[in-house]
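Secondary and tertiary structure notes
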Amino acid sequence: MNINLTLIVQMLVFIVLIWFTMKFVWPMILGPMDERSQKIAAGLAAAEKGKAELASANERADAILREARERAGQIIDQAQHRANDMVEEAKGTATAEGARLLASAKEQINLEAAHAREALRRDVAQIAVSAASKILEREIDPKAHSDLINKLAAQI
Amino acid sequence: MAAEAPTTANEYILHHLTFLSNKEPRGIVDFSVIHWDTVFFSVALALLFGGSFYMAARTAKAGVPGKFQNFVELVVEFVDTQVKDSFHGTNKLLAPLALTIFCWVLLFNAMDILPVDLLPWAAHGVGIEHLKVVPTTDLNTTFAMALTVFVLIIYYSIKVKGLGGFAAELTLQPFVAKNIVLKILLIPVNLLLEIVPFLARPISLSLRLYGNLFAGEMIFLLLAALTLHGAQQLSGAGGWALLVAQFALALAWAIFHLLVITLQAFIFMVLTIVYLSMAQEHH
């Protein structure tokens, strides 16, 4: 065993190897490692944020749903009120219409009755005149006695 | 080992502990000698580490990572955690340095798990006589790394604290005095107390790694030497018993060695981080 030129050569090899590692190996491995750990940290933070956002979104959705349900209830109530009102109104209208129809039918009936009475009166006057003429056996001038006949007819 | 098969266990082990070098060294320190096997395997493993991590880094994306990117990120994050635990300043060098040390030393040490005769046998096939495949069993490797770290310690100490601050750290503690004369008198004592552990850092750093891996390799070699003579040794029941013992012990040691391999790479990295953060922190 002796110390010789190998010592110097080994030192040179060692120094070159250290330089090489320092220049080309270490930073190029550590750089991506740091970058990856940052990426992972960012990813975890984003996941946390996403979870919080999901929770708040769920809360919002619940609130909206509750409001919608309330609104729907109100609308149904209103609709029922409207329907009741409409039925009441329709009933009122129908009653009034019925009464009106009844009134107009009564009037018609009265009118018909008056007409019939008029016609009957005329017929009776005719019959009375012809009966009287037959009794008297002579011709009574209808024109001369129309006045009398009309008076008679009005009395019936 | 066909051509000149070692006949004794001693020869076998010595053969395995001989580097592939350009010539015989003269003395403990000889800078005209180079260990080609150590240089070859350390460069090859540096290319393996640098290449694979560079491929992962080039295709790295912030999206879902692939399997290999995942593995690389696991290693990078592990090292990054270690650095951040002990060092609180900003330093572009420290973490890549720690990553380089951990991966490179781990790969060096992992060569120890390969069967001790596999690569030398293959090398023998192409005419290479000696081959040591574990670069961390070469003191030159561990000392080169420790020395580089040591230079960085001094560089950052001076850069952060200034030359005066660095000198004060070495001379004005652990014994602190208010009196200026006493202060000057305490300088040699303090210097002695501080400089020894300071200089011991690179030595302990390199020797710890070297010693552990060298010992591990030695155990593998001793176990391999149990059945050195192959077929002729397997004639009796004792030979078979040796073979079974060799298999069981080598397996047990290899499994235990996995721990040593990882632990030593980890210790080298952590101590480097600690030393360099100490160098950059004010007391």
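Bear in mind the structure is a predicted one, so any value in this text is a computation, not a measurement.

1. A look at the overall build of chain A
On a plain count of helices and strands, chain A comes out with 2 helices and 1 strand. Traced from its N-terminal end to its C-terminal end, chain A shows the element sequence β-α-α. For a compact globule of 156 residues, the expected C-alpha radius of gyration is about 15 Å, and chain A comes in at 61 Å, more than 25% above that figure. In terms of overall dimensions, chain A has C-alpha extents of about 195 × 25 × 20 Å along its principal axes. Within chain A, the fraction of its 156 residues that count as buried is 16%. As displayed, chain A has an accessible area near 12,300 Å², and 62% of this comes from carbon and sulfur atoms.

2. A look at the interface of chain B and chain A
As a measure of interface size, the accessible area lost when the parts come together is often cited. Listed per partner, the contact involves 53 residues of chain B and 30 residues of chain A. Contact with chain A buries area across many residues of chain B, yet Phe31, Ala62 and Asn140 of chain B alone supply 17% of it, more than any other trio. Where chain B touches chain A, the interface holds 1 salt bridge. Glu73 of chain B is the salt-bridge partner of Arg36 of chain A, the closest N and O atoms lying 2.9 Å from each other. Linking chain B to chain A there are 11 residue pairs in polar contact (both at pLDDT 80 or more). Among the secondary structure elements, those contributing two or more residues to the side of chain B that touches chain A are β1 (29-30), α2 (36-58), α3 (67-86), α4 (94-110) and α6 (139-171) of chain B. Sorting elements by how many residues they give to the side of chain B that touches chain A places α2 of chain B first, with 11 residues. Here the residues of the side of chain B that touches chain A are counted per class, giving 33 nonpolar, 12 polar and 8 charged. Pairing of strand β1 (residues 3-4) of chain A with β1 of chain B involves 2 bridges; the strand directions are parallel. Pairing of Ile3 of chain A across the sheet is with Val29 of chain B, part of β1 of chain B.

3. Comments concerning the packing of aromatic side chains
The geometry of an aromatic ring pair is captured by the separation of the ring centres together with the interplanar angle, meaning the angle of the planes. Per the stated rule, a full pass over the model turns up 17 aromatic pairs over all chains. Between Phe20 of chain A and Tyr54 of chain B, the ring centres sit 5.6 Å apart and the planes meet at 55 degrees, which makes this aromatic pair tilted. Separated into two different chains, Phe20 of chain A in helix α1 (residues 5-136) and Tyr54 of chain B in helix α2 make up a pair that spans both. Ring centres of Trp104 of chain B and Phe108 of chain B lie 4.6 Å apart, and the angle between their planes is 45 degrees; this geometry places the pair in the tilted category. Taken together, the residues span about one helical turn, with Trp104 of chain B and Phe108 of chain B both in helix α4 at a distance of 4 residues. Taken together, the aromatic side chains of Trp19, Phe20 and Phe24 of chain A together with Tyr54 of chain B make up a single cluster linked through ring pairs. When the ring centre of Phe19 of chain B is taken as reference, the NZ or CZ atom of Lys132 of chain B above it lies at 4.8 Å.

4. Considerations on the nonpolar core
Membership of the largest hydrophobic core comes to 63 residues, with the highest contact counts inside it found for Phe53, Val76, Leu97, Leu99, Ile101 and Trp104 of chain B. For this core, the secondary structure elements donating two or more residues are α1 of chain A together with α2, α3, α4, α6, α7 (180-224) and α8 (237-279) of chain B. Per-element accounting of this core gives the leading share, 11 residues, to α4 of chain B. In this structure, Tyr12, Val116, Leu221 and Ala254 of chain B belong to the second largest nonpolar core, which totals 9 residues.

5. A word on the side chain of Thr21 of chain A
Positionally, Thr21 of chain A belongs in helix α1. A polar side-chain atom of Thr21 of chain A sits 2.7 Å from the main-chain carbonyl oxygen of Leu17 of chain A. Beyond its immediate chain neighbours, meaning those up to four positions away, Thr21 of chain A contacts Trp26 and Pro27 of chain A together with Phe49, Pro96, Leu99 and Thr100 of chain B.

6. Some remarks on the pattern of salt bridges
All names here are of chain A. All told, the structure shown has 8 salt bridges over all chains when counted by the stated rule. Here Glu97 makes a salt bridge to Arg100, at a shortest N to O gap of 2.9 Å. Highlighted residues: Glu97 and Arg100, both in helix α1, separated by 3 residues, approximately one helical turn. The exposure class of Glu97 is partly exposed, given its relative accessible area of 36%. In this structure, a network of salt bridges that share partners links the residues Glu118, Arg121 and Arg122.

Definitions and limits used
- Residues numbered from 1 in each chain as written.
- Chains lettered and ligands numbered in written order.
- Predicted model: local features only at pLDDT ≥ 70, side-chain atom pairs only at ≥ 80, totals over all residues.
- Heavy atoms only, no water.
- Helix = DSSP H or I, 4+ residues; strand = E, 2+ residues; numbered from the N terminus.
- Rg over C-alpha atoms; globule rule 2.2 N^0.38 Å.
- Buried < 20%, exposed > 50% of the residue type's maximum accessible area, 1.4 Å probe, protein only.
- Areas by Shrake-Rupley, 256 points an atom, 1.4 Å probe, with all protein chains shown as cover.
- Contact = heavy atoms within 4.5 Å.
- Buried area = accessible area lost by both parts, 1.4 Å probe.
- Salt bridge = Lys/Arg side-chain N within 4 Å of Asp/Glu carboxyl O.
- Polar contact = N/O pair within 3.5 Å; in protein donor to acceptor, adjacent residues only side chain to side chain.
- Nonpolar A, V, L, I, M, F, W, Y, C, P; charged D, E, K, R; others polar.
- Pairing = 2+ DSSP bridges.
- Phe/Tyr/Trp six-rings, centres within 6.5 Å; stacked < 30°, edge-to-face > 60°.
- Lys NZ or Arg CZ within 6 Å of the ring centre and 35° of its normal.
- Core = buried A, V, L, I, M, F, W, Y, C linked by side-chain atoms within 4.5 Å.

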